[in-house]
Amino acid sequence: EDVGQMSAWYVFSALGFYPVNPSNGQYVFGSPIVENATITVGPKKYFQIQVKNNSKKNIYIQHIMLNGKKYSRSYLLHEDIIKGGKLVITMGSNPSKTWGVNQADRPYSER
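Residues numbered from 1 in each chain as written. Predicted model: local features only at pLDDT ≥ 70, side-chain atom pairs only at ≥ 80, totals over all residues. Heavy atoms only, no water.

K.L.:
Could you clarify how one ought to interpret a nonpolar patch on the surface in this entry?
P.N.:
A cluster of nonpolar side chains, namely Met6, Trp9, Tyr10, Val11 and Ile33, defines an oily patch on the protein surface of about 540 Å² accessible area. Inspection of the secondary structure puts Ile33 in the loop between β2 (26–29) and β3 (36–42). (Patch = residues over 30% accessible without salt bridge, like charges linked within 9 Å, V, L, I, M, F, W, Y side chains within 5 Å. Areas by Shrake-Rupley, 256 points an atom, 1.4 Å probe, with all protein chains shown as cover. Salt bridge = Lys/Arg side-chain N within 4 Å of Asp/Glu carboxyl O. Helix = DSSP H or I, 4+ residues; strand = E, 2+ residues; numbered from the N terminus.)

Here it is, written out as structure tokens:
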């Protein structure tokens, strides 16, 4: 028994991101299996996830938009989720040469 940790990880991973280090509030992006999902983050407050071009062949993130703005980080912060809004992930069949490649866009343990 893992007290639900594996099932919680699966749900997060299916959404396209999962917590790696709960103490710093970072969720690392992966390959989502959903096309649309909505998380209730407060009374009448939601975090929507939309995945475009998702398929078994398209397993690589090409770019991400968060609340209508380009998002280059390869991780998402918990504070961004609880604010509510919309995350749009566009997938493709090859790794992106531009999204999440800069050092500043990679997850960190401390800054």
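Let's pick the thread back up.
K.L.:
Please explain the nonpolar core as it appears in this structure.
P.N.:
Soluble globular proteins tend to pack their nonpolar side chains together in the buried interior. Phe17, Phe29, Phe47, Ile64, Leu76, Leu87 and Ile89 are the most contacted members of the largest nonpolar core, which totals 18 residues. Listed by contribution, the elements that provide at least two residues to this core are β2, β4 (45–52), β5 (60–66) and β8 (85–92). With residues up to four places along the chain from it excluded, the contact list for Phe47 reads Phe17, Ala37, Thr38, Ile39, Val41, Leu66, Leu76, Asp80, Ile81, Gly84, Gly85 and Leu87. (Core = buried A, V, L, I, M, F, W, Y, C linked by side-chain atoms within 4.5 Å. Buried < 20%, exposed > 50% of the residue type's maximum accessible area, 1.4 Å probe, protein only. Contact = heavy atoms within 4.5 Å.)

K.L.:
It is not clear to me how the side chain of Gln26 should be interpreted in this structure. Could you clarify?
P.N.:
Summarising the element assignment, Gln26 is placed in strand β2. A residue is classified by how much of its surface remains accessible, and Gln26, at 5% relative accessible area, is buried. At 3.0 Å, the side chain of Gln26 and the backbone oxygen of Tyr108 are in polar contact. When near neighbours in sequence (up to four residues on either side) are disregarded, Gln26 contacts Tyr18, Pro19, Val20, Asn21, Tyr75, Leu76, Leu77, Pro107 and Tyr108. (Polar contact = N/O pair within 3.5 Å; in protein donor to acceptor, adjacent residues only side chain to side chain.)

K.L.:
Before we go on, may I ask you to explain the packing of aromatic side chains in this structure?
P.N.:
What characterises a pair of aromatic rings is the spacing of the ring centres plus the angle enclosed by the ring planes. Scanning the model with the defined rule gives 8 aromatic pairs in all. Their ring planes at 80 degrees and their centres at 6.4 Å tell us that Phe17 and Phe29 sit as a pair that is edge-to-face. Here Phe17, found in strand β1 (residues 17–21), pairs with Phe29, found in strand β2; they are 12 residues apart in sequence, far enough to count as distant. Judged by relative accessible area, Phe17 falls into the buried class, the value being 0%. Phe29 sits in the buried class, given a relative accessible area of 10%. Aromatic side chains Tyr75 and Tyr108 sit 5.7 Å apart centroid to centroid with 85 degrees between the ring planes, which places their arrangement in the edge-to-face category. (Phe/Tyr/Trp six-rings, centres within 6.5 Å; stacked < 30°, edge-to-face > 60°.)

K.L.:
It is not clear to me how the environment of Thr40 should be interpreted in this structure. Could you clarify?
P.N.:
Locating Thr40 in the fold gives a position in strand β3. By relative accessible area, which is 55% here, Thr40 ends up exposed. Considered as a pair, Thr40 and Asn102 are 62 residues apart in the sequence and their alpha carbons are 32 Å apart. Each residue touching Thr40, except ones within four places of it in the same chain, is listed here: Lys45 and Tyr46.

K.L.:
Any chance you could explain the environment of Gln5 here in plain terms?
P.N.:
Structurally, the position occupied by Gln5 is in helix α1 (residues 5–15). When its relative accessible area of 55% is taken as the criterion, Gln5 is described as exposed. On a C-alpha basis, the gap between Gln5 and Ile89 in space is 25 Å, while along the polypeptide they are 84 residues apart.

K.L.:
Mind showing me how you'd approach α1 here?
P.N.:
In an α-helix, one turn spans 3.6 residues, which is why side chains three or four residues apart end up on the same side. Among the residues of α1, those classed as buried are Ser13, Ala14 and Leu15. Buried residues along α1 sit against β1, β3, β4 and β8. Immediately downstream of α1, the backbone of Gly16 shows phi near 110 degrees, a positive value.

The values reported here are purely geometric and, on their own, carry no functional implication.
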